[in-house]
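Per-entry structural report
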Amino acid sequence: MRTTEGFKNITPSAAIRPIDRGSVHRICSGQVVLNLGTAVKELVENSLDAGATNIDIKLKDHGAELIEVSDNGGGVEEENFEGLTLKHYTSKIQDFSDLIHIETFGFRGEALSSLCALSDVTIFTCHKSAKVGTRLVFDHNGRITQRTPFPRQQGTTVSIQQLFYTLPVRHKEFQRNIKKEYAKMVQLLQAYCIVSKGVRINCTNQIGQGKKSCVISTAGSPSLKENIGAVFGQKQLQSLIPFVQLPPSEAVCEEYGLNPADMPQNLYSVSGFISRCDHGVGRSTTDRQFFFINQRPCDPAKVVKIVNEVYHLHNKHQYPFVVLNIGVDSECVDINVTPDKRQILLQEEKFLLAILKTSLMEMFGSDVNKLDVNQKLLDITGNLKKTLPEEAEKPQADMLSDSETENSSGEGKRIMTLARLRESFSLQATESNFQSSIKVKQQHNSPRQRLLVTTGSTVKIQKAVLTKKAESCHKLDSKVSVPRRHLIKLEDASDSGFCSISESDAGCSTPEAGSCINSESAVNSEEEFCGTEEQKQEECLQTAGCSKKSLDCDVQVLGTEPKPDLVNDWTDQNKFSQEANSCSPRVKRFKSRNFKSEADDSKAGKYPEEKNTSVDVLVEVKKKIVPLEFSMKALAEKVKKVIQQQQKNTETENYRRFKAKISPGDNKVAEDELRKEISKEMFAKMEIIGQFNLGFIIAKLNSDLFIIDQHATDEKYNFEMLQQHTVLQGQKLIVPQNLNLTAVNETVLIENLEIFRKNGFDFVINENAPVTQRVKLVSLPTSKNWTFGPQDIDELIFMLSDCPGVMCRPSRVRQMFASRACRKSVMIGTALNVQEMRKLITHMGEIEHPWNCPHGRPTMRHIVSLDLISPQ
Ligand code: ADP
Ligand code: MG
């Protein structure tokens, strides 16, 4: 228990007083210099601001022990020694108005003073006017404690020892993550090396008493291109094309809502280099992307986005190397946004984006074919009058997109014409990464989903619907309505996530339709579907598995009659597992609530009483009326009991632990809930209720029921096992291959050789060779249909610079494992006995992230809390 002791000092009457200067300094400094990267960056910027043409950066133990930056710049005059390290003392601006024309990197006078507060700072400097240099030692308040003559040539050396040691917690964290910090710092430094024309920058690192190793080195060339070559090697240069600026095209202006008439002239001038878009020429990560505004390295998020987006249109699976400088009038930028000055505000940013988009599209060559193909496909099916938006960004998405017609707005009213249906079947094999196309497949292709539809639920087709145009009769998911208590929607089913199939596993996780259930062949067999409207209407119904006769009555989707007599007690395992087309009222009830989605809401007009149902709300339980003998005494006793029970309940669990809907929009929430509420050991405690639709396991934990996708969960387990235990076989190369790595990347590789070996990559290391040529590739992983290469090595290096020493796999190896895992895993449509189900669920408790299959499909969802169904 907390005593009042702890609050003693904070009496309500305490006066508001300023924090003493020293403390303020300490408090704020930690926010100016955040990490190794900022420290080095600030020092290099100071040297550049001082007009240096030669900058040497010396690190000891990756910078944790010492950072020393020496330059041949102007040096510091004696009269400025005192001000050098005082907060907000700068030689660069005098008042706010100067900020508008700022051309130096620094202007706030914070870096040196902050570094003093965070470490031991010594500065050696010799101004051009001084005869001899001076050595200055500073205390943590930035005051000079020692001042001695020190011979040196013109310029300044700033030496930082034990960065962050004045902040113990940060210091520990800093040392723990030093390699990660170091990798980030190098990336920052690369930007300065590239952009600083005519400045020779050299960085070395020494570990303990070991040999100094070169981290990065440029030759002071006046050309951007040569700087790039110095940092990344000549090979990188061969893959680059220069940026050619064009004024925004009409189409792009329209897209950005720009009026060509009032566009500023010559506001921006963009120059630089970018990877060619040929297959394989780009990079597997964004590790080499450098953006500058007026030569200042920065992270202009929207610019980064548009550049990558346009590049992806032409080279879908790679990222470009980018060096882009955006020249703009200094009056139109605000640099003073964040402490590290990397977020920069730009005037007329849209205009810049339009320039970039137009120019890049032109540089990579316009890609009209994709749109043409789309149009033709649509014309052939002849059912879609809508013209596709000429949005070049998602031509693929359009190919298979949900046909949202003009009058339908938003997610809720997704309308599916049969033509589109057929199209999506015929294009099933066509690759597409886009969510929307996947959705179409989900809605109409997944046996799982169809199974859900067939499951004893009756579907009433509204007569009114049928009298409408043929097209509207195809609107299966929005028009087929299901009686309230048996409500499973096509869309819901897919939206529940249990039916979603990502592109890559569409082919393998779904068993042949026939092997699951015959009646659904109806959905697949509308081949000759192009008759009169009448026919269409009829066939539309057939597609839904019903004949016209049954219009007014409840009809069952896909032709099976409801069998009330077969409705079994859902807790009875034996019956439950196999009777796909029967299910208990209780099951139906919770389905009706849990599979509800936006589509339901769109029908709210017809069934207003449905409008407010939502997940896990108390459901009306149908009660029989039976005459009862009444006794006041018994009643009183019962009431007493109930009250006691309620008290007990409120003590234990009086909150709803699972609230998320089963819908893609709620995936994250659902996953968070599961992560929070279900710990690893709980899986073993789950009671297995039975198998549902030959695809799902229903399990119970205390009063909560869960539905588990048998394929997805097995797939995830197999995937994790492959990830952890597979040692990929390497194949020796005839000739060892040079890798053109940067000095840092080379070091990362050498330090993580074991991880590379587990991935099938092997190298020979020649310690005596010059840096960047120490490593040669001698063995590559092989697998039947997969080839790997230097791209995958780059990607691994990128991951390992972030988390050194942590086992990881290149994304393509993961893909390979994912597809292997998929093939290995139990299919939907396979009957499982209790033991098998138990095994799958136990496995969930053995892996780190059991909530998604490797393709991202959810494995498990909460369906209902039984407490909410029967409150007592
Ligand atoms: P800012 O760069 O924002 O002015 P700093 O704290 O980084 O603030 O530096 C304070 C001042 O110290 C600078 O304005 C500059 O006059 C001087 N200075 C710092 N580093 C150097 C250097 N390497 N060479 C010459 N002068 C320097
Ligand atoms: Mg500075």
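Position labels on residues start from 1 in each chain and follow its written sequence. Whichever chain is written first becomes A and whichever ligand is written first becomes 1, with later ones labelled in order. Totals for whole chains, interfaces and linings use every residue, but because this is a predicted model, local features are given only for residues with pLDDT of at least 70 and side-chain atom pairs only at 80 or more, for both listing and counting. Side-chain numbers here rest on the full set of heavy atoms in the structure, without hydrogens or water.

By the naming in an unreviewed UniProt entry, the protein goes by Mismatch repair endonuclease PMS2 and is assigned to Serinus canaria. According to its UniProt record, the protein has this under Subcellular location (unreviewed entry): "Nucleus". UniProt positions are given in the numbering used here, feature names are shortened, and annotations may be inferred rather than shown by experiment.

Looking now at the overall build of the protein. Across its full length, the protein carries 37 helices and 26 strands. A total of 872 residues make up the protein; the buried ones form 52% of that total. Across the protein, contacts joining residues at least 24 apart in sequence account for 71% of those joining residues at least 6 apart. Surface accessibility follows the Shrake-Rupley procedure with a 1.4 Å probe radius. Residue values consider only the protein chains on display as shielding. As presented, the protein carries roughly 42,300 Å² of accessible surface, and 52% of it is formed by carbon and sulfur atoms. The way it works is that DSSP assigns letters per residue, a run of H or I at least four long becomes a helix, a run of E at least two long becomes a strand, and they are numbered from the N terminus. Only protein chains enter the accessibility calculation, which uses a 1.4 Å probe. A residue is then buried if its area is under 20% of the maximum for its type, exposed if over 50%, and partly exposed in between. In this description, contact between two residues means that some pair of their heavy atoms is separated by no more than 4.5 Å.

Let us now look at the pairing of strand E24 (residues 775-783). Of all nine residues that make up E24, seven are buried, and the element is covered over most of its length. Here, strands pair whenever DSSP counts at least two bridges between them. Two elements, strand E22 (residues 730-738) and E24, share five bridges in a ladder whose sense is antiparallel. From the neighbouring strand, glutamine 731 faces E24, where its bridge partner is leucine 780. Pairing geometry for strand E23 (residues 762-765) and E24, over four bridges, is antiparallel. Paired with aspartate 762 across the bridge in E24 is serine 779. Relative to strand E25 (residues 786-787), E24 runs antiparallel, the two sharing two bridges. Looking at E25, one finds that threonine 782 is bridged to threonine 787. Taking the residues between adjacent antiparallel strands as the criterion, E24 and E25 are bridged by two residues.

Residues of helix H29 (residues 667-677) that are buried: Ala670, Glu671, Glu673, Leu674 and Glu677. Relative to the axis of H29, the buried residues are bounded by an arc of 160 degrees and lie together on one face. Opposite the buried face of H29, at more than 90 degrees from it, the exposed residues are Lys668 and Lys676. By arc we mean the arc of the directions from the helix axis to the C-beta atoms, nothing more.

Each residue is tested against the molecule or strand, and it is near if at least one of its non-hydrogen atoms lies within 4 Å. Near ligand 1 you find 18 residues, and of these Asn46, Thr90, Ser91, Lys92 and Gly109 are the closest. Think of a polar contact as two N or O atoms within 3.5 Å of one another; within protein, one of them needs to be a possible hydrogen donor and the other a possible acceptor, and neighboring residues in sequence only count if both atoms come from side chains. The separation between a nitrogen atom of ligand 1 and a polar side-chain atom of threonine 156 is 3.3 Å. Only Asp, Glu, Lys and Arg are considered charged, only Ala, Val, Leu, Ile, Met, Phe, Trp, Tyr, Cys and Pro nonpolar, and every remaining residue, Gly among them, polar. Here the residues of the shell around ligand 1 are counted per class, giving seven nonpolar, seven polar and four charged.

When a carboxyl oxygen of Asp or Glu lies within 4 Å of a side-chain nitrogen of Lys or Arg, that pair is called a salt bridge. Within this structure, the stated rule accounts for 28 salt bridges. Between glutamate 78 and arginine 147 there is a salt bridge, and its shortest N-O distance comes to 2.9 Å. One end of the pair, glutamate 78, is in the loop between strand E2 (66-71) and helix H3 (81-84); the other, arginine 147, is in strand E5 (residues 144-149), with 69 residues separating them in the sequence. Taking the relative accessible area as the measure of exposure, glutamate 78 reaches 56% and is therefore exposed. By relative accessible area, arginine 147 is classed as partly exposed at 39%. Of the charged contacts in the structure, one is a salt bridge between aspartate 672 and arginine 675, with a shortest N-O distance of 3.2 Å. Remark: arginine 675 and aspartate 672 occur in helix H29; sequence separation between them is three residues, near one turn of the helix. When its relative accessible area of 45% is taken as the criterion, arginine 675 is described as partly exposed.

Turning our eyes to something else, we now look at the environment of proline 790. Structurally, the position occupied by proline 790 is in helix H34 (residues 790-802). Looking at proline 790, the relative accessible area reads 34%, which means it is partly exposed. A C-alpha to C-alpha distance of 9.8 Å links proline 790 and leucine 741, two positions 49 residues apart in sequence. Look past the residues within four positions of proline 790 in its chain and what remains in contact with it is Gln737 and Leu739.

Attention now goes to empty space enclosed by the protein. Over the atoms, a rolled probe matching the size of one water molecule traces out where space is still vacant. With a 1 Å grid spanning the protein atoms alone, the term cavity applies to any set of points in which a 1.4 Å probe fits but cannot get out, the term pocket to an open set with protein on both sides within 12 Å along at least five of seven lines, and the term lining residue to any residue with an atom within 4 Å of a point. Grid points are joined across faces, edges and corners, and a volume is the space filled by probe spheres set on the points. Throughout the structure, instances matching the rule amount to seven cavities of 30 Å³ or more. What the second largest cavity holds in volume is close to 90 Å³. In this structure, the second largest cavity is lined by His62, Lys179, Tyr182, Ala183, Val744, Thr747, Val748, Glu751, Asn752, Leu800, Ser801 and Pro804. A per-element tally of the lining of the second largest cavity places helix H32 (residues 743-751) first, with four residues.

Structurally, aspartate 334 can be placed in strand E14 (residues 333-334). Since its relative accessible area comes to 34%, aspartate 334 is described here as partly exposed. Residues aspartate 334 and glutamine 347, 13 residues apart in the sequence, show an inter-C-alpha distance of 8.7 Å. Beyond its immediate stretch of four places on either side in the chain, aspartate 334 contacts Gln343, Ile344 and Leu345.

Turning to the nonpolar core, a few remarks are in order. Side chains that are nonpolar tend, in soluble globular proteins, to be buried together. Nonpolar cores were defined as sets of buried Ala, Val, Leu, Ile, Met, Phe, Trp, Tyr and Cys residues, with membership established by side-chain atoms within 4.5 Å. Judged by nonpolar contacts, the single largest core of 87 residues is most densely connected at Ile57, Ile67, Leu163, Leu749 and Phe763. With eleven residues, the top contributor of residues to this core is helix H6 (residues 178-195).

This brings us to the sheet that holds strand E1 (residues 54-60). Strand order in the open sheet formed by eight strands is E5-E4-E3-E6-E2-E1-E7-E8, and the pairing between neighbours is mixed. Every other strand in the sheet has two partners, leaving E5 and strand E8 (212-217) as the edge strands with one partner each. Averaged over all pairs of adjacent strands, the angle between their axes in this sheet comes to 15 degrees, without regard to strand direction. In this sheet, E5 lies alongside strand E4 (residues 134-138) in antiparallel orientation, the contact comprising five bridges. The residue of E5 that forms the bridge with leucine 136 is arginine 147. Fitting a line to C-alpha atoms yields each axis, with helices limited to the stretch in contact; the angle taken between N-to-C directions then spans 0 to 180 degrees. The strands touched by helix H2 (residues 36-49) are E1, E2 and strand E6 (155-161); relative to E2, the strand with the most contacts, the crossing angle is about 15 degrees. Strands strand E3 (120-126), E4 and E6 of the sheet are contacted by helix H4 (residues 111-118), whose axis makes an angle of about 140 degrees with E3.

To continue, consider the sheet that holds strand E13 (residues 322-328). Pairing is mixed across the open sheet formed by five strands, whose spatial order is E9-E10-E13-E11-E12. Of all strands in the sheet, those with a lone pairing partner are strand E9 (240-242) and strand E12 (296-298), marking the two edges. Mean inter-strand twist for the sheet, computed between neighbouring axes without regard to direction, equals 20 degrees. Strands in contact with H6 are strand E11 (289-293), E12 and E13; relative to E11, the strand with the most contacts, it is inclined by about 55 degrees. Against the sheet, helix H11 (residues 349-364) touches E9, strand E10 (268-275) and E13, its axis set at about 40 degrees to E10.

Each patch is built from residues lacking any salt bridge and having more than 30% relative accessible area; the joining distance is 9 Å for like charges and 5 Å for nonpolar side chains (Val, Leu, Ile, Met, Phe, Trp, Tyr). On the surface, a nonpolar cluster with roughly 510 Å² of combined accessible area is contributed by Phe630, Met632, Leu635, Val639 and Ile643. Mapped onto the elements, isoleucine 643 comes out in helix H28 (residues 632-652). For isoleucine 643, a relative accessible area of 43% gives the class partly exposed.

With that settled, consider the packing of aromatic side chains. Any Phe, Tyr or Trp ring, taking Trp's six-membered ring, that has another such ring centre within 6.5 Å forms a pair; planes under 30 degrees apart are called stacked, those over 60 apart edge-to-face, and the others tilted. As enumerated under the stated definition, the model contains eleven aromatic pairs in all. Aromatic side chains phenylalanine 756 and phenylalanine 763 sit 5.5 Å apart centroid to centroid with 85 degrees between the ring planes, which places their arrangement in the edge-to-face category.

Of the volumes computed, that of the second largest pocket is approximately 900 Å³. In this structure, the second largest pocket is lined by 38 residues; those nearest its centre are Ala183, Lys184, Met185, Gln187 and Leu188. Only H2, H6, E11, H32 and H34 provide two or more residues apiece to the lining of the second largest pocket. It is H6 that contributes the most residues to the lining of the second largest pocket, ten residues altogether. Residues that form the lining of the second largest pocket fall into these classes: 16 nonpolar, twelve polar and ten charged.

You can see threonine 166 is positioned in the loop between E6 and helix H5 (168-176). Reaching out from threonine 166, the side chain makes a polar contact with the backbone oxygen of alanine 117 at a distance of 2.8 Å. Once residues lying within four places of it in the same chain are set aside, the contact partners of threonine 166 are Arg26, Ala117, Leu118, Ser119 and His140.

Even without being glycine, asparagine 266 reaches a positive phi, approximately 50 degrees. Along the polypeptide, asparagine 266 turns up in the loop between helix H9 (250-256) and E10. Given a relative accessible area of 72%, asparagine 266 falls into the exposed group. Notably, glutamate 348 is not glycine yet its phi reads approximately 50 degrees, a positive angle.

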